[in-house]
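Understanding the architecture of this molecule
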Amino acid sequence: MSGRATQGVHLTGVQETLFIPLYAKALDARRHRPILGDRKADELVRAMPFDIERLTHSGVGPVLVVRARHLDEWVRRFLAVHPSALVLNLGCGLDSRVLRIGPAPGVLWVDLDFPEVIEVRRRFFEERDGYRMLGSSLSAPGWLEGFSPDRPVLVIGDGVFEYLDAGELQTLFRRVTGHFVRGEFVFDIMSSSALARGNASLAHRTGARLRFAVDDLATLDTLDPRLHRVEVVSLLRSPYHPWGLRLLYGLASLSHGLRRVIRLVRADFGTPGSQAQRSGRAGGSP
Ligand SMILES: C[S@@+](CC[C@H](N)C(=O)[O-])C[C@H]1O[C@@H](n2cnc3c(N)ncnc32)[C@H](O)[C@@H]1O
């Protein structure tokens, strides 16, 4: 990777948080038995002309890697059923999910982040047929307008939605469900205690602040009445942790509070199932 590609990479505040999962994935890729095996992340971290480690705090890395791995599986499942889907990977940072998944030719994959982040991203990733990068704030109106409403849409929020406030998230969800006929959201949520701990750690590392917490899953229902929760998984109970951690986290997850520290949510809209079951609200546990 040329030195010129990394010249002037200077992101601050919430944009800088992209280096936290990137570094976690790079460390994972260097392991003998990686969980994600994302070599592009390692390549990017090695190319950055500054110390990324100072942004992260030990212990959180494996959780971020498992989060990405779990979401990857959900993405694969969706694309297996919807080979002509539109994928909106929101707040993509420098994540190389599009390379990890390798979507089929019928899929249109869009990676979106702030224009400053996309400007950096373009130095390391190339657009091609079926792959685009879009520089916009998620809160800006209008970025959805160019997309055909008829394609099934998959919206990915990996470590992103907690940086928005409830009002911004509500607007975002409603814009998506108002624009597309049908689709699915896959994203992570943090509890208020996890948010407080995360903010204490972020305060002296970046200027970013986590804002959206979910303790009671019913909070999600207030975001958008069209959304129907299909699956909710405690990240502590993910099968992708190495067995030692799985045991430890499995024990920790016996505590209701710890179980909901960080969870993954799959929710759909516009399908016959989501209409029929909306009143039943599946995915109520853990
Ligand atoms: C913790 S990073 C996660 C990056 C990536 N999803 C990953 O897993 O590697 C959060 C990302 O969300 C982006 N982000 C946060 N708020 C945003 C907003 N309002 N509009 C666009 N991007 C946003 C940041 O710029 C950053 O790249």
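As a further point, take the site of the ligand. Residues in close proximity to the ligand total 21 residues, the closest being Lys25, Gly91, Asp113, Leu138 and Asp158. Between the ligand and Lys25, the relevant distance is 3.0 Å, taken from an oxygen atom to a side-chain nitrogen or oxygen of the residue. Contacts to the ligand include Gly91, whose backbone N or O atom sits 2.8 Å from a nitrogen atom. Coverage of the ligand by the protein amounts to 96% of the 590 Å² it exposes when considered alone. Its residues assigned to classes, the shell around the ligand comprises 10 nonpolar, seven polar and four charged.

Turning to the sheet that holds strand β3 (residues 131-135), a few remarks are in order. Taken together, seven strands build an open sheet; the order of strands is β3-β2-β1-β4-β5-β7-β6 and the sheet is mixed. In this open sheet, the two edge strands, each paired with only one partner strand, are β3 and β6 (228-234). Averaged over all pairs of adjacent strands, the angle between strand axes in this sheet comes to 15°, irrespective of strand direction. Of the strand pairs in this sheet, strand β1 (residues 86-90) and strand β2 (residues 108-113) are connected by five bridges, and their pairing is parallel. For Leu88, the partnering residue across the bridge sits in β2 and is Val110. Contacting β1, β2, β4 (153-157), β5 (183-190), β6 and β7 (262-269), helix α5 (residues 61-81) runs over the sheet at an angle of about 20° to β7.

As a further point, take the packing of helix α3 (residues 19-29) against helix α4 (residues 39-47). Helices that pack against each other are described as a pair by the angle of their axes relative to one another and the distance between those axes. Across the interface, α3 lies against α4 with an axial gap of 7 Å and an inter-helix angle of 115°. Classified by the angle between their axes, α3 and α4 sit roughly perpendicular to one another. By crossing handedness, the relation of α3 to α4 is classed as left-handed. Contact with α3, carried on its side by Leu22, Tyr23, Lys25, Ala26 and Ala29, involves Arg39, Ala41, Asp42, Leu44 and Val45 of α4 and no other residues of that element. Its residues assigned to classes, the contact of α3 with α4 shows seven nonpolar, no polar and three charged.

Conventions used here
- Residues numbered from 1 in each chain as written.
- Predicted model: local features only at pLDDT ≥ 70, side-chain atom pairs only at ≥ 80, totals over all residues.
- Heavy atoms only, no water.
- Near = heavy atom within 4 Å.
- Polar contact = N/O pair within 3.5 Å; in protein donor to acceptor, adjacent residues only side chain to side chain.
- Areas by Shrake-Rupley, 256 points an atom, 1.4 Å probe, with all protein chains shown as cover.
- Nonpolar A, V, L, I, M, F, W, Y, C, P; charged D, E, K, R; others polar.
- Pairing = 2+ DSSP bridges.
- Helix = DSSP H or I, 4+ residues; strand = E, 2+ residues; numbered from the N terminus.
- Axes fitted to C-alpha atoms, helices over the stretch in contact; angles between N-to-C directions.
- Contact = heavy atoms within 4.5 Å.
- Parallel < 35°, antiparallel > 145°, perpendicular 65-115°, else oblique.
- Left-handed = near helix turned anticlockwise from the far one by under 90°.

Treat this as a map of the structure, not an account of what it does.
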